[in-house]
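Structure at a glance
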Amino acid sequence: MKIGILVSGRGSNMEALIHACQDGRIDGQAVVVISDRAEAGALEIARQLGVEARFMDPKSHDSREAFDRSLVDALKEAGVELVCLAGYMKLVTQAFIDAFAGRIVNIHPSLLPSFPGLCAQQQALEYGCKVTGCTVHLVELAMDSGPILMQATVPILDDDTEQSLSERLLVEEHRLYVEAVSLLASHRFTLEGRRARTDLR
Ligand code: GAR
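Here goes a summary of the coordinates provided. (Residues numbered from 1 in each chain as written. Predicted model: local features only at pLDDT ≥ 70, side-chain atom pairs only at ≥ 80, totals over all residues. Heavy atoms only, no water.)

**A word on the pairing of strand S5 (residues 104-108)**
For a regular strand, side-chain orientation follows a simple rule: the groups alternate between the two sheet faces. Heads up, the rule is: Exposed residues in this analysis have more than 50% of their type's maximum accessible area, buried residues have under 20%, and partly exposed residues fall in between, with area computed by a 1.4 Å probe over protein chains only. Secondary structure follows DSSP: runs of H or I at least 4 residues long count as helices, runs of E at least 2 residues long count as strands, and numbering of each begins at the N terminus. With strands facing away from the observer, any crossover in which the path from the first strand over the helix to the second runs clockwise is taken as right-handed. Note on pairing: two strands pair once DSSP finds at least 2 bridges between them.
Judged by how many residues are buried, S5 sits mostly within the fold: 5 of 5 residues are covered. Going residue by residue along S5, you find Ile-104, Asn-106 and His-108 tucked away on one face and Val-105 and Ile-107 tucked away on the opposite face as well. After leaving strand S4 (residues 82-85), the chain enters helix H4 (residues 94-99) and then returns to the sheet as S5, a path that is right-handed. One ladder, built from 4 bridges, connects S5 with strand S6 (residues 131-138); its direction is antiparallel.

Here it is, written out as structure tokens:
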């Protein structure tokens, strides 16, 4: 399965996915990485791993829809069948979702539907949660929403800061995202309404 990865920043989840494709844990090939931010460190990491990586400028498009149409064209040109959002901080439009119906997946650093949006780790800390986690889900129009494929929990310790919690979460994110994309690439999920099932659990 040909995989396209959308990023906006550091790219550690992208890197985990590319490594897993390259060493066979995911039965797929990362064919292109696209960033909506020129300065995203992910672009350089992808190139070093031998994956085509490009910046596409939202500002050179008249609307979010026009940008997403260009994005769809670029992904389709590369033959992409599954789109992984990996720290992609731009909201996608309906046209984008329709172009890859049921084949767009995202990772978020909270137990959705709690704490969507920015700074999810800080939101969980400030709320006083004792447990948080990460979620891999199919992408719907609203931010950080859609049928949940997999979740993992991470305890919040009394002396946690946003940084310490984010670091522990990131380890789980990398593990969970690889596992979920591996199952997706092997068509091992079925969806009944909003409930995703896999034959593994
Ligand atoms: C990750 O923690 C990811 O879960 C989060 O952004 C970070 C990107 O890090 N995504 C979201 O918050 C989506 N709403 P990375 O660039 O190192 O993968």
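Still to come is the rest of the account.
**Things to note about the site of the ligand**
Note the threshold: Only a single heavy atom is needed: when it lies within 4 Å of a molecule or strand, its residue is near that molecule or strand. Any pair of nitrogen or oxygen atoms within 3.5 Å is treated as a polar contact; in protein, a donor-acceptor pairing is required on top of that, and neighbouring residues in sequence qualify only through side-chain atoms on both sides. Each accessible area is a Shrake-Rupley estimate made with a 1.4 Å probe; only the visible protein chains count as cover when residues are assessed. Classification used: nonpolar for Ala, Val, Leu, Ile, Met, Phe, Trp, Tyr, Cys and Pro, charged for Asp, Glu, Lys and Arg, polar for all others including Gly.
What surrounds the ligand is the set Arg-10, Gly-11, Ser-12, Asn-13, Gly-87, Met-89, Ile-107, His-108, Pro-109, Asp-144 and Glu-173. Note that an oxygen atom of the ligand is positioned 2.7 Å from one of the backbone N or O atoms of Gly-11. Relative to its unbound accessible area of 450 Å², the ligand is 90% covered by the protein chains. Elements supplying a minimum of two residues to the shell around the ligand: helix H1 (12-22) and S5. The residue inventory of the shell around the ligand, partitioned by class, reads 3 nonpolar, 5 polar and 3 charged.

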